[in-house]
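Chain by chain, the residues:
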Amino acid sequence: MTWPHQVGVLPRQADSFQDRGTAQQLKHAVDSGGTAVLSQVMAGMGGVGKTQLAAHHARTLWQTGQLDLLVWVTAASRDAIVAGYAQAAVEVLGADPTTPEVAAREFLAWLEPKPGTTCRWLVVLDDLADPVDLRGLWPPASPHGRTLVTTRRRDAAVTGHGRRLVRVGLFTESEATAYLTTALAAHDRHEPADQLVGLAHDLGLLPLALSQAATYLIDVGLDCATYRHQLTDRGRALTNLLPDPSGLPDDQPTAVAATWSLSLDRADQLSPMGLARPMLQLVAVLDPNGIPMPILASPPALAYISQHRTVAAVREATAQDATGALRALHRLSLVDHVSDTPHPMVRVHQLVQRAARDALARQERSKTAWAAADALVAAWPDTERDTALAQALRANAEALRRQDEESLYQADEAHLVLFRSGRSLGEAGQVTAAVRHFEQLASVAHICLGPDHPETLIARNQVAMWRGEAGDVAGAVTAYEELLADRQRVLGPEHPDTLVTRHNLADWRGETGDAAGAVTALEELLPEMGRVLGPEHPETQTVRHTLASWRSEAGDDAGAVTAYEELLADRQRVLGPEHPDTLATRHNLADCQGRAGDAAGAVTALEELLAGWERVLGPEHPRTLNTRLNLAYYRGRAGDAAGAVTALEELLADRQRVLGPEHPDTLSTRFYLARWRGEAGDAAGAVTALEELLADRQRVLGPEHPDTLSTRFNLARWRGEAGDAAGAVTALEELLADEERVLGPQHPDTLTTRGHIADWRRKAGSV
């Protein structure tokens, strides 16, 4: 035997090979002297380049003279491992090739460290398919030898026993674009940098997909932009967008679409048998960046994986089975099941998703999408106490809609998840996004279900409401007027939906400044609601609630207090003392008391109410936070301006953390904090804060939103209080012109501005 010696054939180095960070991790383990790692396991999903990295590492050690013996074994099965060891025994020891098991044992025994042995060896076990295949066949620990395993498996049996786990992930953006640039340039192809970055992300930074896509571009003669457009066509299977098996680059054995097939087969054989495949199908239509476990453990999800189980079973799948199926997929690196976080999540590569979807017939994909939508609705809490979970649910609903919106319109109905996700957007303060969501929903429903379908009309109702919430009050009124005419025609004048539309129209007419008109319309509506729905129906009580509110806005605070007190008694009796509607009535009653001049009484009532909201909805729910805002406001009105500032500073920190810095409620908190800083004596500080807030509200809400106009009004006022009366007049005159145009000359806010112009003119004249 002559040294050095190589057994087995290393895969040739891929064209445009990228020397990645993982390669440096392997090199560091060799260079670390006395602390050298003797056994390393490179684990990662199929297609990330584990084999290429292992071959590069082995080739580097071999070419730099650091090895006497290099053994490369394809570890796809136990027989393959035994055959590789036996071949090494034949070449190194002269063993009998007719008894592979015996020869393999002889080779492993020869690797054992012995006095005087100095042979430096590396055994690479590439693409280990099943940990059991290595039982009794692990190379021994030796100060002169090292073992390197590549595998998709993440079982403890592979990564334990002191072996160093090296996780092989995706390319970075720079690695991916460098690869594409080099691979294309080798064929005299050059593409815009932004298109290469976009393509890298379209393919999820997966090395195998990038190499095959580059080959496809060259062979078919497509430019990058056209290819990216084809990738977005969900009617094209992934197999039609990559090379056929005869044209694969770098001696690759399979195309991307087939890369994970064997892994899925193996996962499906793990306990609980037959559930991994349907679970991956369900995961494939949701958000690749994070699917909360409550979705996948919901009754509709369990029903789906039970129905599509690939082996017979005597019972329905349980939540424990769902977790087991995800762990099986995780062990084969098909998904990442992250359970050690506040919200256990499942993440999956977008191309794994696409391959799983492509394997389903059109009808089955539609059933899968509908089941996923059912699972989302089942997991969605009625009250969103957890903002992070709500955001994840919305992301999954949007991913599902993007993947297969057509499937969410079946059997003459639009799936409820389309409405639930839009409402969640609005409740989270993303009112402009909610408008866009429901406008699209109404448009698609118009086409799929018809213009007079009840769910098309419901979507239009949501468009009108969120337009108003986004500041387009006139647009909301117009939309409700049009909707009312259609509902009266389609459903009749006494249908509950028609009555609710009348209620909403009256409410938004009040927002235009016509509080008296809102009161009149609601007084006419209330008896009809009571007659059609009953006096204790929630919608009837809601009309009473709104009527009391507009009585207060119209100046009848005493009448509003009486109405709220009567409604509160009824809601406590019908709904219970801690129902959100009951608590909402208590909130408005306290506010009405404060507006009527009893600020101290409002503080006491709101302090008691705050405890109720925290108990029922949690301390971070928007209604809880809103009560804290009103409590701070009435503390200031009761004479404690400094206390109001302190409370608002604490609230602002919480709202920025929970809702984000640009949420409308966060901006409102900044507005009131600026005001009470001014009331506490810091007029200049109020001006600075309002100037900063105005810029943000103009950017987030738009220059004509009522909140933006209100910020301009208060900024003018505090400029005057800070000593610039003339500047206040100028700012108010500019504001008045905009309010007359946007709100109308008789709107209460317009009239208030006109009155303040006169006040500040007098003050400027006296100066």
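Cut-offs applied
- Residues numbered from 1 in each chain as written.
- Predicted model: local features only at pLDDT ≥ 70, side-chain atom pairs only at ≥ 80, totals over all residues.
- Heavy atoms only, no water.
- Salt bridge = Lys/Arg side-chain N within 4 Å of Asp/Glu carboxyl O.
- Helix = DSSP H or I, 4+ residues; strand = E, 2+ residues; numbered from the N terminus.
- Buried < 20%, exposed > 50% of the residue type's maximum accessible area, 1.4 Å probe, protein only.
- Pairing = 2+ DSSP bridges.
- Axes fitted to C-alpha atoms, helices over the stretch in contact; angles between N-to-C directions.
- Contact = heavy atoms within 4.5 Å.
- Parallel < 35°, antiparallel > 145°, perpendicular 65-115°, else oblique.
- Left-handed = near helix turned anticlockwise from the far one by under 90°.
- Core = buried A, V, L, I, M, F, W, Y, C linked by side-chain atoms within 4.5 Å.
- Expected span 1.5 Å × (residues − 1).
- Bend = angle between axes of the 7 residues up to and from the residue.

Trainee: Tell me about the pattern of salt bridges, and please be specific about residues and values.
Mentor: Pairs can form between side chains of opposite charge once their charged atoms are near each other. One pass over the full model with this rule turns up 51 salt bridges. Across the salt bridge formed by Arg657 and Glu620, the nearest N and O atoms sit 2.7 Å from each other. Taken together, the residues Arg657 in helix α30 (residues 641-658) and Glu620 in the loop between α28 (599-616) and α29 (622-637) connect sequence positions 37 residues apart. Residue Arg657 is classed as exposed on the basis of its relative accessible area, which comes to 53%. Here the salt bridges share partners, and the residues they tie into one network are Arg12, Asp15, Asp250 and Asp251.

Trainee: Break down the sheet that holds strand β6 (residues 164-167) for me, with residues and values.
Mentor: Pairing is parallel across the open sheet formed by six strands, whose spatial order is β1-β3-β4-β5-β2-β6. A strand with exactly one partner marks an edge of an open sheet, and here the two such strands are β1 (5-7) and β6. The average undirected angle you get between the axes of adjacent strands in this sheet is 15 degrees. Of the pairings in the sheet, the one linking strand β2 (residues 39-43) to strand β5 (residues 145-151) comprises five bridges and is parallel in character.

Trainee: Let's hear about the environment of Ala731: which residues, and what values?
Mentor: Looking at where Ala731 falls in the secondary structure, it is placed in helix α34 (residues 725-742). Linking Ala731 and Ala716, residues 15 residues apart in sequence, is a C-alpha distance of 5.7 Å. Beyond its immediate sequence surroundings of up to four residues, Ala731 is in contact with Ala716 and Arg719.

Trainee: Let's hear about the packing of helix α31 (residues 664-679) against helix α33 (residues 706-721): which residues, and what values?
Mentor: At their nearest, the axes of α31 and α33 sit 11 Å apart, and the two run at 15 degrees to each other. Of the possible angle classes, the one that applies to α31 and α33 is roughly parallel. Considering how the two elements wind past one another, α31 and α33 form a crossing that is left-handed. On the side of α31, the interface is formed by Phe671, Arg675, Gly678 and Glu679, while α33 contributes Ser710, Thr711, Asn714, Arg717 and Trp718.

Trainee: I'd like a description of the sheet that holds strand β7 (residues 291-292), backed by residues and values.
Mentor: If you trace the three strands from one edge of the open sheet to the other, you get β7-β9-β8, paired in antiparallel fashion. Of all the strands in the sheet, the pair left with one neighbour each is β7 and β8 (336-338). Across three bridges, the pairing between β8 and strand β9 (residues 345-347) is antiparallel. The residue bridging Asp336 from the neighbouring strand is Arg347, located in β9.

Trainee: I'd like a rundown of the packing of helix α6 (residues 173-185) against helix α8 (residues 207-220), residues and numbers included.
Mentor: Their axes nearest at 10 Å, the elements α6 and α8 cross at an angle of 30 degrees. Comparing their axes, α8 and α6 come out roughly parallel. The crossing of α6 and α8 is right-handed. Here Ala176, Tyr179, Leu180, Ala183 and Leu184 of α6 come into contact with α8, specifically with Leu210, Ser211, Ala214, Leu217 and Ile218.

Trainee: Mind laying out the nonpolar core, listing which residues take part and the relevant values?
Mentor: Counting residues in hydrophobic clusters, the biggest one holds 115 residues, and the most contacted among them are Tyr227, Leu296 and Leu329. Ranked by residue count, the leading element in this core is helix α20 (residues 431-448), at nine residues. Among residues more than four places away in sequence, those in contact with Tyr227 are Leu199, Ala213, Tyr216, Leu217, Leu222, Leu241 and Leu242.

Trainee: So, helix α24 (residues 515-533): which residues are in play, and what are the values?
Mentor: Residues spaced three or four apart along an α-helix point in a common direction, a consequence of the helix completing one turn every 3.6 residues. The end-to-end C-alpha separation of α24 is 25 Å, in line with the 27 Å expected for 19 residues at 1.5 Å each. The axis of α24 is deflected most strongly, by about 25 degrees, at Leu525, and proline Pro527 appears within four residues downstream. Among the residues making up α24, those that are buried are Ala515, Ala518, Val519, Leu522, Leu525 and Met529. Tucked inside the fold, the buried residues of α24 contact α23 (496-511) and α25 (538-553). Once α24 ends, the next one or two residues include Gly534, with phi positive near 105 degrees.

Trainee: Describe the pairing of β2, naming the residues involved and giving the relevant values.
Mentor: Of all the five residues making up β2, five are buried; the element is thus mostly covered by neighbouring parts of the structure. Residues Ser39, Val41 and Ala43 point to one face of β2 and Gln40 and Met42 to the other, with burial holding for every one of them. The pairing of β2 with β6 spans four bridges and is classified as parallel. Looking at the pairing, Val41 lines up with Leu165 of β6.

Trainee: If you had to explain the environment of Ala317 to someone new, which residues and values would you point to?
Mentor: Relative to the elements of secondary structure, Ala317 occurs in the loop between α14 (299-307) and α15 (319-331). A relative accessible area of 8% places Ala317 in the buried class. Along the backbone, Ala317 and Pro140 are 177 residues apart, and their C-alpha atoms lie at a distance of 42 Å. Discounting residues that sit within four places of it in the chain, Ala317 has contacts with Leu275, Leu302, Ile305 and Ser306.

On their own, these measurements won't tell you what the molecule is for.
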